[in-house]
Protein chains: 2
Amino acid sequence: MTYCVAMRLKTGLVFLSDSRTNAGVDHVSTFRKMSVFENSGDRLLVMMTAGNLSISQSIKQIISEHVNPDGKTIWNAESMFEAAQIVGAAIRSVYERDASALQNFGIDFNVGVIFGGQIKGERCRLFQIYSAGNFIEAHDENPYFQIGESKYGKPIIDRVLAGSEITLDQAAKCALISMDSTLRSNLSVGLPLDLLVYESEQLALTRFVTIDSKNEYFKSISSGWSSRLREVFDEIEDPVWYTTATIAELALAPLKPDLRQALVSMPKAGFRDKTMAALQTLAQSEATAQK
Amino acid sequence: MTYCVAMRLKTGLVFLSDSRTNAGVDHVSTFRKMSVFENSGDRLLVMMTAGNLSISQSIKQIISEHVNPDGKTIWNAESMFEAAQIVGAAIRSVYERDASALQNFGIDFNVGVIFGGQIKGERCRLFQIYSAGNFIEAHDENPYFQIGESKYGKPIIDRVLAGSEITLDQAAKCALISMDSTLRSNLSVGLPLDLLVYESEQLALTRFVTIDSKNEYFKSISSGWSSRLREVFDEIEDPVWYTTATIAELALAPLKPDLRQALVSMPKAGFRDKTMAALQTLAQSEATAQK
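Conventions adopted
Residues numbered from 1 in each chain as written. Chains lettered and ligands numbered in written order. Predicted model: local features only at pLDDT ≥ 70, side-chain atom pairs only at ≥ 80, totals over all residues. Heavy atoms only, no water. Helix = DSSP H or I, 4+ residues; strand = E, 2+ residues; numbered from the N terminus. Buried < 20%, exposed > 50% of the residue type's maximum accessible area, 1.4 Å probe, protein only. Contact = heavy atoms within 4.5 Å. Areas by Shrake-Rupley, 256 points an atom, 1.4 Å probe, with all protein chains shown as cover. Phe/Tyr/Trp six-rings, centres within 6.5 Å; stacked < 30°, edge-to-face > 60°. Lys NZ or Arg CZ within 6 Å of the ring centre and 35° of its normal. Pairing = 2+ DSSP bridges. Axes fitted to C-alpha atoms, helices over the stretch in contact; angles between N-to-C directions. Expected span 1.5 Å × (residues − 1). Bend = angle between axes of the 7 residues up to and from the residue. pLDDT = per-residue confidence, 0-100. Polar contact = N/O pair within 3.5 Å; in protein donor to acceptor, adjacent residues only side chain to side chain. Salt bridge = Lys/Arg side-chain N within 4 Å of Asp/Glu carboxyl O.

The name an unreviewed UniProt entry gives chain A is Putative proteasome-type protease, with Glaciimonas immobilis as the organism.

Spelled out as structure tokens, the structure:
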């Protein structure tokens, strides 16, 4: 299903995508999910897609070639907002062309787009564009977007991006760790990855790399993060249980466990099995102090 | 949507559930998701549910009260497999009673069940039961199940449970960290939590606790894990970019970035905007060495 993530910092933008696509477990392939539109000195735009691959590719095609009746294209849009509208319009064109035919096969018109970058005269901007062609923009309180299999990699981003300022390189590192967690937990996301780091005001592509299984930096992040996490896990205190007359409780947990709600009582009567009758009705009263 | 996780080790079982339920953001409540069936010395069974709450509660009710025509109940089933079938049959009863009425309101019959424990004479067993009443069993190669909002908390379990043996208390710690990651990233999962640790051969409830926001142990795990993760993140080397004549590449990444595929070329002709004509067609050739 793919996983793409982008972050917007004061100093620039970070974009990271995988390249796995699948139409069922028999049909797993590699297709790039990142497209870069560069006019050095004027604009640097990045688009990443997730969802139906044919829709994603059609969107890219339309954006690359189409000229609006008013002459507007991705290359001469005057603001990122206008450029995002052009992408949205491209999605709608594909919808008009393909949606009902897909529906005949029970396939939903499903695509997710992350679109960001900088046009000369404006600051860096980052958008998430939906299947309907509408979009939202990232801001300080919500500085990142994810599309595709986003849940596995979200906790680490929430922990790192919260609060303190980080550098572009730290954000790239965070995105790579987020991607690593996702790669380990879901087969529909796979190498190679595309990583693009955009420094504000460069208006050109300066930092881009395709990361595959031989990339030493990614390998060191992946194994380093894993082993350090395991060390931290071992350093954290195990729970200590102490027993009371009624039931064992978790240390440092002064609350009495509210067992009555959790335990299902044995029924008192109405069972044909005679051995039932003698058994306790409230397990709580007979629980012996164990361990 | 809830999150429940259970793990099966050689030494016993761990069960952890949250208690948030919601029917839209205006209707968020607390309902316990864990039910414990104990007949001390004979059996200890635990059931956790996710999905449609009315279906979950009906299942619990049927299991607690219903006697099969052959006299079988959850209290006298001779094996965990038989007990799991009884749970499956309960789900099917609820389906027969409720599914089409729900459908009239566009609601799918959706429930997930984790069911495990020990009956005297057998080893510990753990099952995941589906909406159709069918189920699968956990084994050494796949020792844990999750239901509900499972993705956020999966990476840490995959990292910790892989390979080495861990103790029941370490597994409980792992489940709590997995839950903590989920709580931070998704509002449909919330405190309090129910944690049950079952030691093999006890055939009784010995370790159970309800964890709320005042539980010192959970608070220390939550903040400790977060701050240590941030330390590990800072200790990991940031990426180093080195520039070449053509484009900056990621350090230790000997592969040349395959830009040709990522970059979308400016169209050579056909645009009304005259300024287009002078612009470069392949951004690659003019990218200057930056930084």
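Don't stop here, the text continues.
*Asks:* Looking at this structure, how should I read the overall build of chain A?
*Replies:* Within chain A, the regular secondary structure consists of seven helices and 15 strands. A burial count over chain A gives 57% of its 291 residues as buried. Excluding contacts between residues fewer than 6 apart, the proportion of contacts in chain A whose partners are at least 24 apart in sequence is 60%. As displayed, chain A has an accessible area near 12,500 Å², and 52% of this comes from carbon and sulfur atoms.

*Asks:* What is the right way to look at the packing of aromatic side chains in this model?
*Replies:* In this description, an aromatic ring pair is defined by two values, namely the gap between the centres and the angle between the planes. Under the definition given, this model contains eight aromatic pairs over all chains. The interplanar angle of 80° and the centroid separation of 4.9 Å between the aromatic rings of Tyr95 of chain B and Phe109 of chain B together place this pair among those described as edge-to-face. Note that Tyr95 of chain B is positioned in helix H2 (residues 80–103) and Phe109 of chain B in the loop between H2 and strand S7 (111–119), a separation of 14 residues in sequence. Three or more aromatic residues link up through ring pairs in this structure, and these residues are Phe81, Phe127 and Phe135 of chain A. Residue placement shows Lys173 of chain A over the ring face of Phe233 of chain B; its charged tip is 4.5 Å from the ring centre.

*Asks:* Help me understand the sheet that holds strand S12 (residues 207–211) of chain A in this model?
*Replies:* Sheet strands pair via backbone hydrogen bonds, and the direction of the pair is either parallel or antiparallel. All names here are of chain A. Taken together, five strands build an open sheet; the order of strands is S10-S1-S2-S11-S12 and the sheet is antiparallel. Only two strands of the sheet have a single partner each, and these edge strands are strand S10 (144–148) and S12. Between one strand axis and the next, the sheet turns by 10° as a mean value, whatever way the strands run. Sheet topology places strand S2 (residues 12–17) next to strand S11 (residues 193–199); six bridges connect them, and they run antiparallel. Each residue of the ladder has a partner; that of Phe15, found in S11, is Leu196. On the sheet, helix H3 (residues 154–161) packs against strand S1 (3–9) and S10 and is oriented at approximately 175° with respect to S10.

*Asks:* I would appreciate a short explanation of unusual backbone geometry in the present structure.
*Replies:* Leaving glycine out, the prevailing phi sign among residues is negative, and the prevailing peptide bond configuration is trans. All names here are of chain A. Following Leu191, the chain continues into Pro192 via a peptide bond in cis, with omega recorded as -5°. With respect to the element layout, Pro192 can be found in the loop between helix H4 (168–185) and S11. Backbone geometry places Leu203, a non-glycine residue, at a positive phi of 50°. Considering the arrangement of structural elements, one finds Leu203 in the loop between S11 and S12. With a relative accessible area of 7%, Leu203 lands in the buried category.

*Asks:* Even after reading the chapter, I still don't get the pairing of S12 of chain A, so can you show me in this structure?
*Replies:* Remember that side chains alternate between the two faces of the sheet whenever the strand is regular. Residues and elements named next belong to chain A. By the criterion of burial, S12 is predominantly enclosed, with five of the five residues buried. Residue alternation in S12 divides its side chains into two sets, Arg207, Val209 and Ile211 and Phe208 and Thr210, and both sets are buried. Two elements, S11 and S12, share five bridges in a ladder whose sense is antiparallel. For Leu196, the partnering residue across the bridge sits in S12 and is Phe208.

*Asks:* Teacher, can you tell me more about H2 of chain B here?
*Replies:* Note: α-helices contain 3.6 residues per turn, so residues at a spacing of three or four share the same orientation. Residues and elements named next belong to chain B. Taking 1.5 Å of rise per residue, 24 residues should cover 34 Å, and H2 covers 32 Å from first to last C-alpha, within 8% of that figure. Remark: the principal bend of H2, roughly 45°, maps to Arg97. Along H2, the positions that sit buried rather than exposed are Met80, Ala83, Ala84, Ile86, Val87, Gly88, Ala90, Ile91, Val94, Asp98, Ala99 and Leu102. Looking at the buried side of H2, the elements it contacts are strand S6 (43–51), helix H1 (53–65), S7, strand S8 (125–129) and strand S9 (135–137).

*Asks:* Before we go on, may I ask you to explain the side chain of Ser56 of chain B in this structure?
*Replies:* You can see Ser56 of chain B is positioned in helix H1. Each residue touching Ser56 of chain B, except ones within four places of it in the same chain, is listed here: Thr49, Ala50 and Val111 of chain B.

*Asks:* Would you take a moment to explain the confidence of the model for chain A for this structure?
*Replies:* A low pLDDT means the predicted coordinates there should not be read in detail. Residue and element names in this part refer to chain A. Of all residues in chain A, 82% attain a pLDDT of 70 or more, and the chain-wide mean is 82. Of all helices and strands in chain A, the one with the weakest mean pLDDT is helix H7 (residues 283–286) (27), whereas strand S8 (residues 125–129) scores best (98). Counting contacts from residues 268–291, a segment whose pLDDT is below 50, to residues more than four positions away or on other chains yields 41 contacts. Prediction confidence for the complex, expressed as pTM and ipTM, is 0.80 and 0.78 respectively.

*Asks:* Would you mind showing me how to read the environment of Ser178 of chain A here?
*Replies:* Residue and element names in this part refer to chain A. Within the secondary structure layout, Ser178 lies in helix H4. For the pair Ser178 and Lys151, spaced 27 residues apart in the sequence, the C-alpha separation amounts to 9.7 Å. Side-chain polar atoms of Ser178 contact the backbone oxygen of Gly153, separated by 2.7 Å.

*Asks:* Just checking my understanding: could you explain the pattern of salt bridges for this structure?
*Replies:* Any two side chains of opposite charge can pair, so long as their charged atoms come close to each other. Counted under the stated rule, the structure contains 43 salt bridges over all chains. For Glu149 of chain A, the salt bridge is made with Lys151 of chain B, and the minimal N-O distance between the two is 2.8 Å. Taken as a pair, Glu149 of chain A in the loop between S10 and H3 and Lys151 of chain B in the loop between strand S10 (144–148) and helix H3 (154–161) lie in two separate chains rather than in one. Look at Glu149 of chain A and you get buried, because its relative accessible area is 7%. Across the pair Asp98 of chain B and Arg97 of chain B runs a salt bridge, and its minimum N-O distance is 3.2 Å. Sharing partners across several salt bridges, the network here consists of Glu122, Arg123, Arg125 and Glu137 of chain A.

*Asks:* What exactly am I supposed to notice about the environment of Val28 of chain A here?
*Replies:* All names here are of chain A. Structurally, Val28 is set in strand S4 (residues 28–30). For Val28, a relative accessible area of 45% puts it in the partly exposed group. Here the alpha-carbon distance between Val28 and Ser188, two residues 160 residues apart in the chain, equals 8.2 Å. Those residues in contact with Val28, other than ones at most four positions away along the chain, are Arg20, Thr21 and Asn22.

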